[in-house]
Amino acid sequence: MSLAPVITMETFKKISLTLLSITALLVALWIGANWRHLSAFPSILPSFYAKEYCSCYFVMERSEAACHDFARQWLKIDSFELDKDGRRVIVQGMGRQAVARYSGERTGCRLE
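About the thresholds
Residues numbered from 1 in each chain as written. Predicted model: local features only at pLDDT ≥ 70, side-chain atom pairs only at ≥ 80, totals over all residues. Heavy atoms only, no water. Helix = DSSP H or I, 4+ residues; strand = E, 2+ residues; numbered from the N terminus. Buried < 20%, exposed > 50% of the residue type's maximum accessible area, 1.4 Å probe, protein only. Pairing = 2+ DSSP bridges. Axes fitted to C-alpha atoms, helices over the stretch in contact; angles between N-to-C directions. Contact = heavy atoms within 4.5 Å. Phe/Tyr/Trp six-rings, centres within 6.5 Å; stacked < 30°, edge-to-face > 60°. Expected span 1.5 Å × (residues − 1). Bend = angle between axes of the 7 residues up to and from the residue.

Trainee: Before we go on, may I ask you to explain the overall build of the chain in this structure?
Mentor: Counting its secondary structure elements, the chain contains 3 helices and 4 strands. Listed by position from the N terminus, the elements making up the chain come as α-α-α-β-β-β-β. Reported as C-alpha extents along the three principal axes, the dimensions of the chain are approximately 85 × 30 × 25 Å. Within the chain, buried positions represent 23% of all 112 residues.

The following block contains the structure:
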């Protein structure tokens, strides 16, 4: 004869649902507390790519292919435009757009 307590399927479901509800509430609270930082994340991808590519191409004077390799990230960008005459790079990714412009030899590239 076993002396271990028996957990019925109904009790297991109740415990699981309670733990799942508590976890969802904690995640929602964490998201709410960190929303400012989380909402800034989508802008980081195109901004980084535009700035790094601009610096690589206009400051270090490397080839376009080398600069794409230099600026490439794990997440893909949606579109890329190199304006050689205006000395700027326009990148779209994660629903956001970033523009980096070469501003001079001393200052390099800056995000607009």
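Moving on from the model shown.
Trainee: Explain the sheet that holds strand β2 (residues 88-93) to me, please; I cannot follow it from the model alone.
Mentor: The strands that make up a sheet are held in pairs by hydrogen bonds between backbone atoms, and each pair lies either parallel or antiparallel. Taking strand neighbours across the sheet as the criterion, the 4 strands line up as β1-β2-β3-β4 in an open arrangement whose pairing is antiparallel. Since the sheet does not close on itself, it has two edges, and those belong to β1 (79-83) and β4 (108-111), each with one partner. Here the average twist between neighbouring strands, direction ignored, is 20 degrees. In this structure, β2 lies alongside strand β3 (residues 96-104), joined through 6 bridges in antiparallel fashion. Paired with I90 across the strands is V99, a residue of β3. Seen against the sheet, helix α2 (residues 35-59) touches β1, β2, β3 and β4 and runs at an angle of roughly 30 degrees to β3.

Trainee: Before we go on, may I ask you to explain the side chain of S55 in this structure?
Mentor: Examined against the element boundaries, S55 turns out to sit in helix α2. A residue is classified by how much of its surface remains accessible, and S55, at 18% relative accessible area, is buried. Each residue touching S55, except ones within four places of it in the same chain, is listed here: M60 and C109.

Trainee: Help me understand the packing of aromatic side chains in this model?
Mentor: The geometry of two aromatic rings is summed up by the distance between their centres and the angle between their planes. In the structure shown here, the tally under the stated rule is 5 aromatic pairs. Where Y49 meets F80, the ring centres are 6.1 Å apart and the plane angle is 70 degrees; that geometry is what we call edge-to-face. Here Y49, found in helix α2, pairs with F80, found in strand β1; they are 31 residues apart in sequence, far enough to count as distant. Its relative accessible area of 6% is what places Y49 among the buried residues.

Trainee: Would you mind showing me how to read the pairing of β4 here?
Mentor: When a strand is regular, its side chains alternate between the sheet's two faces. In the sheet, β3 pairs with β4 via 4 bridges, with the strands oriented antiparallel. For R101, the partnering residue across the bridge sits in β4 and is R110.

Trainee: Just checking my understanding: could you explain unusual backbone geometry for this structure?
Mentor: Comment: phi is negative for the bulk of residues other than glycine, and the bulk of peptide bonds are trans. The backbone of R87 sits at a positive phi, close to 50 degrees, despite the residue not being glycine. Its place among the elements puts R87 in the loop between β1 and β2. In this structure, M94 is a non-glycine residue whose phi angle is positive, near 55 degrees. Residue M94 is classed as partly exposed on the basis of its relative accessible area, which comes to 36%.

Trainee: I keep staring at α2 and nothing clicks. Help me out?
Mentor: In an α-helix, one turn spans 3.6 residues; hence positions three or four apart end up facing the same way. With 25 residues, α2 should reach 36 Å at 1.5 Å per residue; the first-to-last C-alpha distance of 36 Å fits that figure. Residue S43 marks the point of greatest curvature in α2, where the axis turns by about 35 degrees; the proline P46 follows within four residues. Of the residues making up α2, those classed as buried are P42, L45, P46, S47, Y49, A50, Y53, C54, S55, C56, Y57 and F58. In the core, the buried residues of α2 are packed alongside α3 (64-71), β1, β2, β3 and β4.

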